[in-house]
Amino acid sequence: SFPKLIPANTHHTSVETLDARYVYQTLEELYILITNKASSILQDIEVLHLFGRFVPDVCRLAEAREISRHTFELLSAFNELVSLGWREQNNLMQVKSASEL
């Protein structure tokens, strides 16, 4: 599984295999992942950081149960950040405004 791919004692935020690139950010014990080897890693990291900043605003705790409770809001936010596989030019405030509608 994914945690086994992460080398011990490393500060990298991406791991590549033959088939995919995993760009990740930890939220306590949970991971946010974006996987696509053909995409721009710089844009992936930017989207990941924006989404990583949005999650704590929606979920009080970074726990699976809390994230499950807010799945719709989180998916809506991700939809505002990425459309048809391409990064939208939205900032955090625009994503928050759109998710409140």
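Residues numbered from 1 in each chain as written. Predicted model: local features only at pLDDT ≥ 70, side-chain atom pairs only at ≥ 80, totals over all residues. Heavy atoms only, no water.

This next bit is on the overall build of the protein. Assigned secondary structure in the protein consists of five helices and five strands. Counting from the amino terminus, helix and strand elements in the protein follow one another as α-β-β-β-α-α-α-β-β-α. Accessible surface computed for the protein: about 7,200 Å², of which carbon and sulfur atoms make up 54%. (Helix = DSSP H or I, 4+ residues; strand = E, 2+ residues; numbered from the N terminus. Areas by Shrake-Rupley, 256 points an atom, 1.4 Å probe, with all protein chains shown as cover.)

This part covers the nonpolar core. Considering soluble globular proteins, one finds that nonpolar side chains tend to be buried as a cluster. By size, the foremost hydrophobic cluster in this structure holds 17 residues, and its most contacted members are Ile-32, Phe-51, Val-55, Leu-74 and Leu-81. Per-element tally for this core: the top contributor is helix H2 (residues 41-58), with seven residues. (Core = buried A, V, L, I, M, F, W, Y, C linked by side-chain atoms within 4.5 Å. Buried < 20%, exposed > 50% of the residue type's maximum accessible area, 1.4 Å probe, protein only.)

With that settled, the discussion passes to the pattern of salt bridges. All chains considered together, the criterion is met by four salt bridges. Arg-60 is the salt-bridge partner of Glu-66, the closest N and O atoms lying 3.7 Å from each other. In this structure Arg-60 comes out as exposed when scored by relative accessible area, which is 69%. We note a salt bridge from Glu-66 to Arg-69, for which the minimum N-O separation is 3.3 Å. (Salt bridge = Lys/Arg side-chain N within 4 Å of Asp/Glu carboxyl O.)

With respect to the secondary-structure elements, Ile-41 resides in helix H2. Expressed as a C-alpha distance, the spacing of Ile-41 and Ser-14, which sit 27 residues apart in the sequence, is 8.9 Å. Excluding its chain neighbours within four sequence positions, the residues that come into contact with Ile-41 are Ser-14, Arg-21 and Val-23. (Contact = heavy atoms within 4.5 Å.)

Time to look at helix H4 (residues 71-81). All buried positions along H4 are accounted for by Leu-74, Ala-77 and Leu-81. For H4, the arc enclosing every buried residue in end-on projection is 60°, short of the 170-degree limit, so these residues lie on one face. In this structure, H4 carries Phe-72 and Leu-75 as exposed residues pointing more than 90 degrees from its buried face. (Arc of directions from axis to C-beta.)

With that out of the way, let us pick up the packing of H2 against H4. Relative orientation of the contacting elements H2 and H4 amounts to 150°, with a least axis distance of 10 Å. Considering their axes alone, H2 and H4 lie roughly antiparallel with respect to each other. Judged by the sense of rotation from one axis to the other, the crossing of H2 with H4 is right-handed. For the pair H2 and H4, contact is made by Val-47, Leu-50, Phe-51, Phe-54, Val-55 and Val-58 and by Glu-73, Leu-74, Ala-77, Phe-78 and Leu-81, respectively. Per-class residue counts for the contact of H2 with H4 are ten nonpolar, no polar and one charged. (Axes fitted to C-alpha atoms, helices over the stretch in contact; angles between N-to-C directions. Parallel < 35°, antiparallel > 145°, perpendicular 65-115°, else oblique. Left-handed = near helix turned anticlockwise from the far one by under 90°. Nonpolar A, V, L, I, M, F, W, Y, C, P; charged D, E, K, R; others polar.)

Residues shown with low pLDDT carry predicted positions that ought not to be read at fine detail. Taken as a whole, the protein shows an average pLDDT of 77; of its residues, 83% reach a score of 70 or greater. Taken element by element, the protein is modelled with least confidence in strand S5 (residues 86-87), mean pLDDT 54, and with most confidence in helix H3 (residues 64-69), mean pLDDT 89. (pLDDT = per-residue confidence, 0-100.)

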